[in-house]
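One letter stands for each residue in the lines below.
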Amino acid sequence: MHTPLCNHAEGEPTEYAAQAARIGLKEIGFSEHAPMPWDDFDDWRMLDGDMNQYIEKIDLATLENPTVTIKKSLEIDYIPGYEKWIKELAKRYKWDYLIGSVHYLAGKWSFDHPEKRDSWKGRNVDAAWAEYFETLTQSASLGVFDIVGHCDLIKVFGDRPSIDVSTMWRPFLEEVKRQNIAIEINTNGANKPCGEMFPSPEMLEMAAEIGVGLTFGSDAHRPGRVGEQFVQAVALAKRCGFTHYRRFDAGQFESVPF
């Protein structure tokens, strides 16, 4: 979940926590878009100088919402060449978990930006998908992230490849298994043009077969979407063969049966 510090979310963390309490969630976590080494990299992430304020906002949410346990995290962009920066961010604070996500391809192609839908015109969709999953596999192999975020985000606008995508999924999911990390069911995909959660049911079935860890995220950018479609997401996980999910604390996880 996000905060106003990323410049595209509404509502303070304490409002998200209050909504969590209203719908019966006992534990939530914030994973703001992490800074890049320079502030003008893009316009949809927390700035490096805002990190202390981010922690203060979460601490205030914890103080004002005592019935909800609140975890601290970052959603860190994995971009090849920035590994040193990513590892430095991971050491900034005693994070409960870290989410690694891929939002950029080919250097600085922001393939999922809602205002850059036209950037897909003329692209080789098969090549874009292949690069996405190769980059995602690299992110898992880095050994920093606890969770890989929205792991088929490349489908966001509905651009589908002509080749068998399962051949792209398997190397990535096998690396996730080797690293003993998790993927998430991100319910916000249902609000996107692709019209389904991330990842697809077919990819989830393969992940369950391989024995990959699982978490759940609403990717909420406003309080009303906290825990959105979690009942459906849990049902989806069970249908796809999952029996457990992961909870995190101070970088360690426990596997919890449904």
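Up top is the structure these notes are about.
Since we're looking at a predicted model, the values are computed, not measured.

Trainee: Before we move on, could you go through the pattern of salt bridges and cite the residues and values that matter?
Mentor: Per the stated rule, a full pass over the model turns up 18 salt bridges. Between Glu196 and Lys155 there is a salt bridge, and its shortest N-O distance comes to 2.6 Å. Taken together, the residues span a long stretch of sequence, with Glu196 in the loop between strand S7 (182-186) and helix H6 (201-210) and Lys155 in the loop between strand S6 (147-148) and helix H5 (166-179) at a distance of 41 residues. Exposure remark for Glu196: the relative accessible area of 22% places this residue in the partly exposed category. A salt bridge links Glu209 to Arg170; its shortest N-O distance comes to 3.6 Å. Of this pair, Glu209 sits in helix H6 while Arg170 sits in helix H5; the two residues are 39 residues apart in sequence, bridging distant segments of the chain. A relative accessible area of 57% places Glu209 in the exposed class. Residues joined by salt bridges that share partners form a network here, namely Asp152, Lys155, Arg160 and Glu196.

Trainee: Just give me the short version of helix H3 (residues 83-90), but keep the residues and values in it.
Mentor: All buried positions along H3 are accounted for by Trp85, Ile86 and Leu89. All buried residues of H3 project into a common sector of 100 degrees when viewed along the axis, lining one side. Looking at the buried residues of H3, the elements they touch are helix H2 (51-64) and strand S2 (69-77).

Trainee: Mind laying out the nonpolar core, listing which residues take part and the relevant values?
Mentor: Phe133, Phe172, Leu173 and Ile183 are the most contacted members of the largest nonpolar core, which totals 80 residues. If we ignore the near neighbours within four places in the chain, the residues touching Phe133 are Cys151, Asp152, Ile154, Met168, Trp169, Phe172 and Met203. Tyr97, Ile147, Ala182 and Phe248 belong to the second-largest nonpolar core, a separate cluster that totals 5 residues.

Trainee: So what about the environment of Glu115? Which residues, and what values?
Mentor: As for its position among the elements, Glu115 is in the loop between strand S5 (109-110) and helix H4 (125-141). A residue is classified by how much of its surface remains accessible, and Glu115, at 72% relative accessible area, is exposed.

Trainee: Could you give an account of the sheet that holds S7, naming the residues involved and the relevant values?
Mentor: The strand order S1-S2-S3-S6-S7-S8 describes an open sheet built from 6 strands, whose pairing is parallel. A strand with exactly one partner marks an edge of an open sheet, and here the two such strands are strand S1 (27-33) and strand S8 (213-217). Here S1 runs beside S2; their pairing, made up of 7 bridges, is parallel. By the bridge assignment, Glu27 is partnered in S2 with Thr69.

Trainee: Quick one: what's the story with the pairing of strand S3 (residues 97-101), residue by residue and with numbers?
Mentor: The element S3 is largely enclosed, with a buried count of 5 among its 5 residues. Side chains Tyr97, Ile99 and Ser101 project from S3 onto one buried face, and the interleaved Leu98 and Gly100 project onto a second face that is buried too. Two elements, S2 and S3, share 5 bridges in a ladder whose sense is parallel. Counterpart to Ser73 in the pairing with S3 is Tyr97. What joins S2 to S3 is H3, and the crossover it makes is right-handed. Where S3 lies against S6, 2 bridges are found, and the strand directions are parallel.

Trainee: Can you break down the packing of helix H1 (residues 13-23) against H2 residue by residue, with the values?
Mentor: H2 packs onto H1 with a crossing angle of 35 degrees between their chain directions and a minimal axis gap of 8 Å. Handedness of the H1/H2 crossing: right-handed. Every residue of H2 that contacts H1 at Pro13, Thr14 and Ala17 is listed here: Lys57, Ala61 and Glu64. When grouped by side-chain class, the residues that make up the contact of H1 with H2 number 3 nonpolar, 1 polar and 2 charged.

Criteria and thresholds
Residues numbered from 1 in each chain as written. Predicted model: local features only at pLDDT ≥ 70, side-chain atom pairs only at ≥ 80, totals over all residues. Heavy atoms only, no water. Salt bridge = Lys/Arg side-chain N within 4 Å of Asp/Glu carboxyl O. Helix = DSSP H or I, 4+ residues; strand = E, 2+ residues; numbered from the N terminus. Buried < 20%, exposed > 50% of the residue type's maximum accessible area, 1.4 Å probe, protein only. Arc of directions from axis to C-beta. Contact = heavy atoms within 4.5 Å. Core = buried A, V, L, I, M, F, W, Y, C linked by side-chain atoms within 4.5 Å. Pairing = 2+ DSSP bridges. Right-handed = clockwise from strand over helix to strand, strands pointing away. Axes fitted to C-alpha atoms, helices over the stretch in contact; angles between N-to-C directions. Left-handed = near helix turned anticlockwise from the far one by under 90°. Nonpolar A, V, L, I, M, F, W, Y, C, P; charged D, E, K, R; others polar.

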